[in-house]
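Read off the chains here:
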Amino acid sequence: MKKIVYSLLIASLMLTGQSCSNMLDEKAISSVGGEYYDTSAGFEAGVRAAYASLRDYYGREIGTNLTVFGTDTFTMGADGSYKYMNRYTTEFNSNVDLLRDLWNNFYVAINTMNILIDKANAGQVSGLTDANKNLRIAELRFLRAHHYFILVQNWGPVALTLTGNLEAKKDFTRAPVKDVYAAITADLEAALTQLPTTTADYGRVTKGACEHLLARVYLTKATSEAAASDDYTKAATYAQNVIKNYTYSLLTDFASVYDQANQVNSEVIFAVQYTNDALTDIGPSSSNTGTIYNGNQTHLFFGNEYDVQAGMKRDLANGRPWKRYMPTNYMLNTVFNPADRTKDSRYKKTFKDTWYSNNPGTFTNVFDNSKTKVTFAAGDTAIFIPGMEWTQAQRAAKPYQVLVPSQYRPTLFPPLKKFFDPLRQDVTAEWGSRDWFVMRLAETYLILAEANLKLGKMQEATDAINVVRVRAAWAGQQEAMKIKASDLTMEFIMEERERELAGEMFRWYDLKRWGVLVERVKKYNPDIVNLQEYHNLRPIPQTQIDRTTGGVTAFPQNTGY
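My aim in this report is to walk through the structure given alongside it, one point at a time. Being a predicted model, the structure only gives us computed values, none of them experimental. (Residues numbered from 1 in each chain as written. Predicted model: local features only at pLDDT ≥ 70, side-chain atom pairs only at ≥ 80, totals over all residues. Heavy atoms only, no water.)

## What to know about helix H9 (residues 231–245)
Phase 1 of the analysis: Across its 15 residues, H9 extends 21 Å between first and last C-alpha, which sits within 8% of the 21 Å expected from 1.5 Å per residue.
Phase 2 of the analysis: For H9, the set of buried residues is Asp231, Tyr232, Ala235, Ala236, Tyr238, Ala239, Val242 and Ile243. When H9 is viewed along its axis, its buried side chains cluster within an angular range of 165 degrees and face the same direction.
Phase 3 of the analysis: Tucked into the core, H9 has its buried residues touching helix H7 (177–192), helix H8 (207–221), strand E2 (268–272) and helix H14 (441–454). (Helix = DSSP H or I, 4+ residues; strand = E, 2+ residues; numbered from the N terminus. Expected span 1.5 Å × (residues − 1). Buried < 20%, exposed > 50% of the residue type's maximum accessible area, 1.4 Å probe, protein only. Arc of directions from axis to C-beta. Contact = heavy atoms within 4.5 Å.)

Next comes the structure, spelled out in structure tokens:
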């Protein structure tokens, strides 16, 4: 599945388009007719196109802005035009292009999935065997469920359509959250019966991925308006199945999970594929006005301004820093408590702390106020971030620049390094080839721990979380990393999830699921301006309201926007 076709999506004709006029003209915007999918080759290409729609969210600024910004653990760095998404100002409204693009792209993909499922079930695809039909329908139902899960978490009631549209359609309403979750779980539970345990085509959905998503969905559903009394039990059961019934296993070293040379590893349950192949990483821009590169861009977002500091210039190893996301004090001092770093390896393996000079010479433009100039030979330490405060005398004794917490600022801070991509084509490249891990086994254990805590099964919950913690221990510290059942609280889980999953597009959803988004973000994010309870939902794109028959009456905006 490394080479996923991007261009074969059928236009949704209901919830897409760059303007209202596109819908009113009622013209198909896809160059691929629906009859193409009546052939087995066309049908297979359509399924691959459905997978490719995952790239519209994972590894993109759309997904990271919606999940990293505006949380308790990351705030805004120096650069970027979407700071209002972190601050929750009035600019975060129904005209935000990232929201519009996610909405449009996912509904285009959902309509493609619906058409393919309809054609396969109606026997309209020539040369398609029953076994392959059942398998591909299962994959499509998994992907459709995934997309609706993202949509319902962000927008609450959304348009719910489970049949394909080949003609323009504008009469839509917002289905209740309960109905959306019912469709999601029905799709996943039906898919589970037909999916394989393993696949020779890496990147396709398997039973393990389906059970993991079911666990995640039921854990989230349990605190939604669709909640049922058995949601936590189902979440725990599905998570336990993933752990016990398949061959997934945690890697022994936390850092090795993100080793770019070993991306296909035993911990990864499901990943979105990226490559260095321009044929698969180039596609149309969201405005249909040109070409963009569709590689994984997350390597851009978490870096600091190392490349203009004394002794340094931009290189592949350290990345092209766009300085989008800066960790909060809560992240650095509570989640990654300095007192725990001698036993827990994840601070050291999550954040970059050392830069070696690639631009030798003598410099007077130093940020470290303990010295007036520095001299570096190639390969000398140029910058060090100890992660704790040092006195001026301690810093002055070092021949390199020392960045301490009192000097952190939106241009200089400890950068998250797990997404760095030194395999890019050159130092200016915005597109990367690193896969995006949608699901990995460590998260499965954390889902199991949270579900069991909610069920009052404290020892089972503790056992699950200790598996993750023991893997994260420095050598010889495994026993010290274990916690007792009496230590396990929701606050502990809130912190443990971020120690393990920092930056992996979970935090905003986690805070919303726990019902603490407003409370914790106001408390820990220093740049918040206007966060209110209504921000637990995103604004419906105005283009969708405008192109729906009946407008805001038929398709109302979320409260507060």
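## Considerations on the pairing of E2
Phase 1 of the analysis: Counting buried positions over the five residues of E2 gives five, a clear majority of the element.
Phase 2 of the analysis: With four bridges connecting them, E2 and strand E11 (residues 436–440) associate as antiparallel partners. Across the sheet, Ala271 pairs through a bridge with Phe437, a residue of E11. (Pairing = 2+ DSSP bridges.)

## Some words on the sheet that holds strand E9 (residues 381–384)
Phase 1 of the analysis: Read from one edge to the other, the open sheet built from three strands follows the order E6-E9-E10, with strand pairing classed as mixed. Of all the strands in the sheet, the pair left with one neighbour each is strand E6 (354–356) and strand E10 (401–402).
Phase 2 of the analysis: As defined by bridge partners, E6 adjoins E9 across three bridges and the pair is classed as antiparallel. Residue Tyr356 lies in a different strand from E9, and its bridge partner there is Thr381.

## Side note on the pairing of E9
Across a regular strand the side chains alternate sides, sitting on one face of the sheet and then on the other.
Phase 1 of the analysis: Bridge analysis of E9 against E10 gives two bridges, and the strand direction is parallel. When the bridges of E10 are listed, Phe384 appears paired with Val402.

## Topic: the packing of aromatic side chains
Phase 1 of the analysis: Counted under the stated rule, the structure contains 32 aromatic pairs.
Phase 2 of the analysis: Relative to Phe419, the ring of Phe302 lies with its centre 5.6 Å away and its plane at 50 degrees, an arrangement referred to as tilted. Placement of the pair is Phe302 in the loop between strand E4 (291–293) and strand E5 (325–327) and Phe419 in the loop between E10 and E11, with a sequence separation of 117 residues.
Phase 3 of the analysis: Residue classification places Phe302 among the buried positions, given a relative accessible area of 1%.
Phase 4 of the analysis: Aromatic ring contacts, followed pair by pair, group Phe69, Phe74, Tyr258, Phe301, Phe302, Trp322, Tyr325, Phe419, Trp436 and Phe437 into a single cluster.
Phase 5 of the analysis: The ring of Trp508 has Arg538 lying over it, and the distance from NZ or CZ to the ring centre is 3.5 Å. (Phe/Tyr/Trp six-rings, centres within 6.5 Å; stacked < 30°, edge-to-face > 60°. Lys NZ or Arg CZ within 6 Å of the ring centre and 35° of its normal.)

## Side note on helix H17 (residues 490–501)
Phase 1 of the analysis: For H17, spanning twelve residues, the distance from its first C-alpha to its last is 16 Å, which sits close to the expected 16 Å at 1.5 Å a residue.
Phase 2 of the analysis: With eleven of its twelve residues buried, H17 lies for the most part within the structure.
Phase 3 of the analysis: Within H17, burial applies to Met490, Phe492, Ile493, Met494, Glu495, Glu496, Arg497, Glu498, Arg499, Glu500 and Leu501.
Phase 4 of the analysis: One or two positions beyond H17, positive phi appears at Gly503, with a value near 80 degrees.

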